[in-house]
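# Fold and contact review
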Amino acid sequence: IAAVSPEPFAAGSFGQVYYAQHADGTQVVIKVLRPMIRETLVFDLKLLGLFMKTSMGKVRNMQLDIKQAVEDFKRATLRETDYIEEARFATELYEAYKDHPSFVIPKTYLELCTPDIIVQEYLPGISVAQLIKFGEQGIDIHEYVKQQLGSDMDTQLTIAGVELIYGIFALPRIQGDPHPGNVKLLPNNKVGMIDFGISAKSPKE
């Protein structure tokens, strides 16, 4: 890594993301796990489990296995702090899509990743979450995408939808958190996907 910005440009519950530059000149992002987050999560999840045990008898008319739901939530939450597994999954998707003409997965630099750090190629463009905010402000987002990226937003959203559904049938697992903040619209009608902390196994049937 040749340079790293001193301040994060994005932050989530578990980590912060910094702009950086690889020694070969490539623009990258570095995702850093917050200190002590695993230890804090384990403690909080234990409290959640205890709370659910004491309150389960009070829940009526609910057709849901609450105990199983809590266990699934615990596993999914702790998986989001497993940066080695996230880096491997991101690489798995990168290999699957590296020759795709319009659906882009950023390259992950596995040799630079650690249990607390992920280094990935930076994807420019505009997230769908940003566009939703612009639309709420009265901005014509179709025209905005056309002016800023030279892309057609409807075409890009169709590409994203088709690939996310197709992946269920073609891949062993897919990105399990495709919310608007993780979908980026790129120039030339391309679409990118970021953040691979949650994977979802494709159903066997």
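You'll find the structure just up there.
Here we summarise the structure given alongside this text. (Residues numbered from 1 in each chain as written. Predicted model: local features only at pLDDT ≥ 70, side-chain atom pairs only at ≥ 80, totals over all residues. Heavy atoms only, no water.)

Another aspect to go through is the side chain of Gln156. Topologically, Gln156 is positioned in helix α6 (residues 153–170). Discounting residues that sit within four places of it in the chain, Gln156 has contacts with Val145, Ser151, Leu185, Leu186, Asn189, Lys190 and Val191. (Helix = DSSP H or I, 4+ residues; strand = E, 2+ residues; numbered from the N terminus. Contact = heavy atoms within 4.5 Å.)

The subject of this paragraph is the sheet that holds strand β5 (residues 103–104). Each strand in a sheet pairs with its neighbour through backbone hydrogen bonds, running either in the same direction (parallel) or in the opposite one (antiparallel). Here four strands make up an open sheet; going across it, the order is β5-β10-β9-β7 and the pairing mixed. At either margin of the open sheet sits one strand with a lone partner, and together these are β5 and β7 (126–127). Looking at chain direction, strand β9 (residues 183–185) and strand β10 (residues 191–193) are connected through three bridges and run antiparallel. Following the sheet pairing, Val183 is matched in β10 by Met193. (Pairing = 2+ DSSP bridges.)

Below, the discussion takes up the packing of aromatic side chains. Applying the stated criterion across every chain, the model contains five aromatic pairs. Here the aromatic residues Phe9, Tyr19 and Tyr122 are joined through ring pairs into a cluster of three or more. (Phe/Tyr/Trp six-rings, centres within 6.5 Å; stacked < 30°, edge-to-face > 60°.)

Moving on, we get to helix α5 (residues 141–149). Measuring from the backbone nitrogen of His142 back to the side-chain oxygen at the start of α5 gives 3.2 Å, which picks out Asp140 as the cap. One or two positions beyond α5, positive phi appears at Gly150, with a value near 70 degrees. (Polar contact = N/O pair within 3.5 Å; in protein donor to acceptor, adjacent residues only side chain to side chain.)

This part is about the nonpolar core. Core analysis: the biggest nonpolar cluster contains 21 residues, and Leu93, Phe103, Ile105, Leu185, Val191 and Phe196 have the highest contact counts within it. Contributing elements (two or more residues each) for this core: α3 (83–97), α4 (128–136), α5, α6, β9 and β10. In this structure, Ile105 is in contact with Ala90, Leu93, Tyr94, Tyr97, Glu121, Met193 and Phe196, ignoring residues within four places of it in sequence. In this structure, Phe14, Ala87, Cys113 and Ile118 belong to the second largest nonpolar core, which totals six residues. (Core = buried A, V, L, I, M, F, W, Y, C linked by side-chain atoms within 4.5 Å. Buried < 20%, exposed > 50% of the residue type's maximum accessible area, 1.4 Å probe, protein only.)

Spanning 18 residues, α6 covers 25 Å between terminal C-alpha atoms, matching the ideal 26 Å at 1.5 Å per step. By the burial criterion, the buried members of α6 are Met153, Gln156, Ile159, Ala160, Glu163 and Gly167. Along the axis of α6, the buried residues cluster in a sector spanning 115 degrees; they form a single face. For α6, exposure combined with an orientation more than 90 degrees from the buried face picks out Ile165, Tyr166 and Phe169. (Expected span 1.5 Å × (residues − 1). Arc of directions from axis to C-beta.)

Now for the environment of Pro115. Looking at where Pro115 falls in the secondary structure, it is placed in the loop between β5 and β6 (117–121). The partly exposed category is assigned to Pro115, whose relative accessible area is 44%. Residues Pro115 and Thr81, 34 residues apart in the sequence, show an inter-C-alpha distance of 8.3 Å.

Further remarks concern the pattern of salt bridges. As enumerated under the stated definition, the model contains five salt bridges in all. Measuring nitrogen to oxygen at the nearest pair gives 3.0 Å for the salt bridge that ties Arg173 to Glu92. Placement of the pair is Arg173 in strand β8 (residues 173–175) and Glu92 in helix α3, with a sequence separation of 81 residues. Taken together, the shared-partner salt bridges connect Lys31, Glu86 and Asp195 into one network. (Salt bridge = Lys/Arg side-chain N within 4 Å of Asp/Glu carboxyl O.)

Nothing here speaks to function; it is geometry throughout.
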